[in-house]
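Below are the chains, spelled out letter by letter.
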Number of protein chains: 2
Amino acid sequence: MLGLMQDWPLLSYKIIDHAAIHHGTRKVISRSVEGPIHTTTYADIRARSLKVAKRLDQEGIRLGDRVATLAWNTWRHLEAWYGILGIGAVYHTVNPRLFPDQIAWIVNHAEDRIMITDLTFVPILEKIASKLATIERYVILTDGAHMPQTSLKNAIAYEDWIGSVDGDFEWRFFDENTAAGMCYTSGTTGNPKGVLYSHRSNVLHSLVASAPDMLGISSRDVVLPVVPMFHANGWSLALTTPMMGATMVMPGAKLDGASIYELLNDFKVTVTAAVPTVWLMLLQFLESSGSKLPYLKKVVIGGSACPRAMTQKFQDNYGVEVMHAWGMTEMSPLGTVCTLKPDYADLSGEARLDIQQKQGHAPFGVEMKITDDHGREVPWDGKTFGRLKVRGPSVARAYFKEAESAIDKDGFFDTGDVATMDPHGYMQITDRSKDVIKSGGEWISSIDLENLAVGHPKVAEAAVIGVPHPKWDERPLLVVVLKKEQTATKDEILAFMQGKIAKWWMPDDVVFVDEIPHTATGKIQKMTLRDQFKGYILPTAEAAE
Amino acid sequence: MLGLMQDWPLLSYKIIDHAAIHHGTRKVISRSVEGPIHTTTYADIRARSLKVAKRLDQEGIRLGDRVATLAWNTWRHLEAWYGILGIGAVYHTVNPRLFPDQIAWIVNHAEDRIMITDLTFVPILEKIASKLATIERYVILTDGAHMPQTSLKNAIAYEDWIGSVDGDFEWRFFDENTAAGMCYTSGTTGNPKGVLYSHRSNVLHSLVASAPDMLGISSRDVVLPVVPMFHANGWSLALTTPMMGATMVMPGAKLDGASIYELLNDFKVTVTAAVPTVWLMLLQFLESSGSKLPYLKKVVIGGSACPRAMTQKFQDNYGVEVMHAWGMTEMSPLGTVCTLKPDYADLSGEARLDIQQKQGHAPFGVEMKITDDHGREVPWDGKTFGRLKVRGPSVARAYFKEAESAIDKDGFFDTGDVATMDPHGYMQITDRSKDVIKSGGEWISSIDLENLAVGHPKVAEAAVIGVPHPKWDERPLLVVVLKKEQTATKDEILAFMQGKIAKWWMPDDVVFVDEIPHTATGKIQKMTLRDQFKGYILPTAEAAE
């Protein structure tokens, strides 16, 4: 027997409808790419989104067609998203930090029909335009006055483009499982993979993300998403913020400490979110200028692990609550947020920081488990680590144009991370599953060893990889870059580590190198490193044979 | 093109799974019907819910079967809900405050197969049991030691009932639109109507209700739902509270001021919810005992309009924020909550109270409109009133066993209320649509006139009904019960009202009576009153003819 409730599909554009009706005068403030601060409202954003929708419709864009955006966070980008959503097309956010060839590959793979972009990226696009066979038109997010001379096909200034239509348009109606957005993950192996969000997954994710134990955004908040809309579905802030009716501040192209501080201060921002690198720049600016953060209440830090010292500085020096968070492009992206449940809420000092170093706990709608190599669940004791697998309505089940399912028979998606879960459900990433060292059936965290090794005063950087071993399958090899003008011996480094980890975790060898290979985004390229040390014979391996 | 996200149906029992996993040690504290305070946890609630599910399954209860609960808010009632939900059966909450014949009618109409009830209601059920043809077994929410002698068919103590099975059971899997819960509305006309919630509507409603601008419940809250689970889906608190992982305090059978105060104080309750009558009792207790409310932060007041003085007392005397709320059984039930958007957040004193007298604003997922007699939308100016119509995923589209749709061609449900909407989306109920007086094509609010009339020092109670009028269609007749030992004239009453309302709103006549008819739940029976004054000739009508 079915319930007798209304059939009201979860369509993402209902978010901007709600914002326009119930929070119509709420401001959306942007640092424009052209320079000046620009102010609009949710009511106007919606009105102009309707023009985007009408114009896209006129250009022949249909249900399921992909429209690329290669753009900073501004009101125009937001309008473009909702306009695209409103006709059932798919916003495909492209990351400008990728190599131009990767951008071309992604745009071609997605078969994007229109490219909406910022002035900043016109030169990059001109270079690769000849490769972008599916793009029929380039829309530059600016007005006629700022429109550059460009060779880009059918290039038009956004303001002229939407200026040619009135806003007399009705959002299209379709199934809530219709594709809504697309974001490629740049894995360390193979080609990027396209994650395809649905209207349903976006709406559910935004509802979940707004809960008091997650981002906890209210209409009285002023939210500054420093994290770009092209980074992992923009951490859903372009959806969650208007859904909750909060004021929105958009940073445009300037993410440096001084520029972010200016926005935080001038517009009395209460909640902000970005990766640690951004906060490092802000903290440096605050320290050098002696500025304070009197309005900011919460800073969401994700994308990579938040250093303990960063949490401490925000909280102790600036009175800002740090919310460590973890997610993935494949998770829309929110997985966990480290707010304090009552079990931990009364902790202070180091004990509190210990918990805040964890990535946090999952909301309703994100199921998690950690498993061993045989797929068996391992205990939630805060110590045992296993492969982290997730399930939920906003988690991917497959990638665009890939025949193979991305989930196992129980419906779980393997995050590729290795993590511990504590008895209160707090997750902490300990490693990537391809980097963990499997020694005699037990796992050793390469990251834990690296973090320990860089604590040595002479060590500039450290990487740990597993090297084949006849007895133990794999054993850890520690690769070290010393600080300038320093020398050290293997025994010196190992002596430093002794007693701080289990005996069987001790690296079997230490190698000193001049440089460790990195990806474009600054992560250690363990695969290259493993290639580099292919065939390396550990001293303990020789002894065992 | 569809998105590629996981198929993860919104099933209500996932709420207790989440609570047990992520908030497993969080307490659920109840005043038992037997007397003592009982404490358990979400992990235990889930474990015992699995036993309920297994036992129901053994008794042959299948997908879609209705299981009645006639019970107070306790941990056992909560377990019963989740056990019922877990096999895809339907919890049907029955309101014990109805007349026994109405209870019998409802149980028969729902075709309930099992009746789960409290010790309190055994005598009532014994009286009507012979009429309850579909009930196969009565489960009394107590243990063997407290089990009474009873003639009820196959009666068994709940603890013995679930004690006979182990908890080795897996929740059933089914479509998210499967019926989950049922609650009858006791309209003022005709037979009660059954609203049938789905798993999807329950889950979406709970997500929406938890948002910071709505109930704003976090895991650090301690929530006391005084509102019974049988009142309008229990205001969804039996779902929202565990979903958010908050501590739960259940009042059992004792809703008097002293008992509620004891729970608020002993268990440091931070959020509570009930109808104004309950809060009147609490405030009286606080005043007479000189007690304070040091832990309570928010009180949700709904079910009927919250008197201004009540809001003022809670806020000024006790430092508790009042959240006026409005909803309907047909809305799962949340429609609006009166938290303050930034537009109003800085108001204080009388201006703040003016806003707080409104029923509040709708969350994402509740669409509203107000229309005139021709179905045309009227402006959101805070003055014009119209029929309030709603649409959303947790709003009813039809009633159980009724062939006719409950929604119009645009999918809107007519609430039967007349309301104003202000420019910021704040709704205020001005009348019931069947009670509003239609004078010359314009509407007059009977409630506004009544509220004004009872302000007269000699008036104990007042009711206003529309009486046919040859020129104006209808004109208001004011029916007054005077306070004991008082006398007054028509002119005296009207003179008091003069200048406080538009001239054309002035009642055409005043009639003094000894008593105004009421429903079982204390509301004025306007229909009976209209019958009573059928054929009444207004002096102005005589003049017009």
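This structure is a prediction, so every number in the text was calculated from the model and none was measured.

Moving on to the confidence of the model for chain A. When the pLDDT values of chain A are averaged, the result is 95; 99% of them are 70 or greater. Reported for the predicted complex are a pTM of 0.93 and an ipTM of 0.92.

Moving on: the packing of helix α1 (residues 13-22) of chain A against helix α3 (residues 75-86) of chain A. Residue and element names in this part refer to chain A. As a packed pair, α1 and α3 sit with axes 8 Å apart at the nearest point and diverge in direction by 120°. With respect to their mutual orientation, α1 and α3 come out oblique. In this structure, α1 uses Y13, I15 and I16 to contact α3, whose residues at the interface are Y82, L85 and G86. In the contact of α1 with α3, the residues fall into five nonpolar, one polar and no charged.

Turning our attention to the sheet that holds strand β2 (residues 37-41) of chain A. All names here are of chain A. Spatially, β2-β1-β11-β10-β12-β13-β14-β15 is the arrangement adopted by the eight strands of the open sheet, whose pairing is mixed. Looking at the sheet topology across the chains shown, the edges are occupied by β2 and β15 (334-337). Across the sheet, the mean angle from the axis of one strand to that of its neighbour is 20°, orientation sign disregarded. When strand β14 (residues 321-327) meets β15, the two strands line up antiparallel, connected through three bridges. Of the residues in β15, the one forming a bridge with G327 is L334. Contacting β1 (27-31), β2 and β11 (247-250), α3 crosses the sheet at an angle of about 120° to β1.

Now for the domain arrangement of chain A. Residue and element names in this part refer to chain A. Taken domain by domain, chain A consists of domain 1 (13-26 + 41-198), domain 2 (365-432) and domain 3 (437-544). Each of domain 2 and domain 3 has a C-alpha centre, and the two are 26 Å apart. Counting residues at the interface gives ten residues for domain 2, matched by eight residues for domain 3. Here domain 2 meets domain 3 over a buried area of about 660 Å², counting both sides, of which 58% is carbon and sulfur. Per-residue buried area on domain 2 facing domain 3 is highest for D373, F385 and D431; these three make up 68% of the total on that side. The tally of links between domain 2 and domain 3 comes to one salt bridge. The salt bridge partner of K438 is D373, with a shortest N-O separation of 3.3 Å. Across the domain 2-domain 3 interface, the total number found is four residue pairs in polar contact (both at pLDDT 80 or more).

Bringing the nonpolar core into the picture now. In terms of nonpolar packing, the biggest core is built from 183 residues, with A:W161 and B:W161 touching the most fellow members. Those residues in contact with A:W161, other than ones at most four positions away along the chain, are A:V52, A:R55, A:L56, A:E59, A:I114, A:I116, A:R137, A:V139 and A:I156. Listed in part, the 56 residues of the second largest apolar core include A:L70, A:A179, A:V269 and A:I301.

Let us look at the interface of chain A and chain B. Opposite the 74 residues of chain A that make contact, chain B presents 75 residues. Overall, the association of chain A and chain B removes approximately 6000 Å² of surface from exposure, summing both partners, and the carbon and sulfur fraction of that is 61%. Three residues stand out in chain A for area buried against chain B, namely A:M1, A:M5 and A:F364, and they jointly supply 16% of the buried area on that side. For the pair chain A and chain B, the number of links is eight salt bridges. The salt bridge partner of A:R200 is B:E176, with a shortest N-O separation of 2.8 Å. At the boundary of chain A and chain B, one finds 40 residue pairs in polar contact (both at pLDDT 80 or more). Mapped onto the side of chain A that touches chain B, the elements with two or more residues apiece are α1, β9 (193-198), α7 (199-209), α8 (237-244), α12 (342-345) and β17 (385-391) of chain A. If one sorts the elements of the side of chain A that touches chain B by residue count, α7(A) sits on top with six residues.

What follows concerns the pairing of strand β8 (residues 179-185) of chain A. Residues and elements named next belong to chain A. Judged by how many residues are buried, β8 sits mostly within the fold: seven of seven residues are covered. With three bridges connecting them, strand β4 (residues 90-93) and β8 associate as parallel partners. The residue of β8 that forms the bridge with Y91 is G181. Pairing geometry for β8 and β9, over six bridges, is antiparallel. Directly across from C183, in β9, lies its bridge partner V195.

A separate point is the relation of the copies chain A and chain B. Placing chain A over chain B gives an RMSD of 0.3 Å and needs a rotation angle of 180°, together with 0.0 Å of translation along the axis. The two molecules are tied by a two-fold rotation axis, judged by turn and shift. The rotation axis passes nearest to the C-alpha of A:A211 in chain A, at a distance of 2.7 Å. The residues that chain A uses at the interface reappear at the interface of chain B in 100% of cases, marking a shared surface.

With that settled, the discussion passes to α3(A). Two residues of an α-helix separated by three or four positions point the same way, owing to the 3.6 residues in each turn. All names here are of chain A. Between its terminal C-alpha atoms α3 stretches 16 Å, which fits the 16 Å expected from twelve residues at 1.5 Å a residue. Of all twelve residues making up α3, twelve are buried, and the element is well covered by its neighbours. Every buried residue belonging to α3 is among W75, R76, H77, L78, E79, A80, W81, Y82, G83, I84, L85 and G86, and all of these are buried. Two residues or fewer after α3 comes G88, characterised by a positive phi angle close to 80°.

As a further point, take the sheet that holds strand β18 (residues 413-421) of chain A. Residue and element names in this part refer to chain A. As summarised here, the arrangement of the four strands in space is β16-β17-β18-β19, forming an open sheet in which the pairing is antiparallel. Both outer strands of the open sheet, β16 (367-371) and β19 (427-432), are each paired with one neighbouring strand and no more. Each neighbouring strand pair of the sheet contributes to a mean axis angle of 45°, computed without reference to strand direction. The sheet contact formed by β16 and β17 spans five bridges and is antiparallel. In the sheet register, E367 faces β17, and the bridge partner there is R391.

Residues and elements named next belong to chain A. Its location among the elements puts R76 in helix α3. Overall, the relative accessible area of 7% leaves R76 in the buried class. Excluding anything up to four places from it in sequence, R76 contacts E34, R48, L141, T142, D143, Y158 and E159.

In this section: the state of the cysteines. Here a disulfide denotes a covalent bond joining the sulfur atom of one cysteine to the sulfur atom of another. In total, this model carries zero disulfides over all chains according to the counting rule given. Looking at the unpaired B:C306, the closest cysteine sulfur is the one in B:C338, lying at 10 Å.

Each value, and the rule that gives it
Residues numbered from 1 in each chain as written. Chains lettered and ligands numbered in written order. Predicted model: local features only at pLDDT ≥ 70, side-chain atom pairs only at ≥ 80, totals over all residues. Heavy atoms only, no water. pLDDT = per-residue confidence, 0-100. Axes fitted to C-alpha atoms, helices over the stretch in contact; angles between N-to-C directions. Helix = DSSP H or I, 4+ residues; strand = E, 2+ residues; numbered from the N terminus. Parallel < 35°, antiparallel > 145°, perpendicular 65-115°, else oblique. Contact = heavy atoms within 4.5 Å. Nonpolar A, V, L, I, M, F, W, Y, C, P; charged D, E, K, R; others polar. Pairing = 2+ DSSP bridges. Domains from an automatic or database assignment. Buried area = accessible area lost by both parts, 1.4 Å probe. Salt bridge = Lys/Arg side-chain N within 4 Å of Asp/Glu carboxyl O. Polar contact = N/O pair within 3.5 Å; in protein donor to acceptor, adjacent residues only side chain to side chain. Core = buried A, V, L, I, M, F, W, Y, C linked by side-chain atoms within 4.5 Å. Buried < 20%, exposed > 50% of the residue type's maximum accessible area, 1.4 Å probe, protein only. Least-squares fit on C-alpha atoms with pLDDT ≥ 70 in both. Expected span 1.5 Å × (residues − 1). Disulfide = S-S within 2.5 Å.

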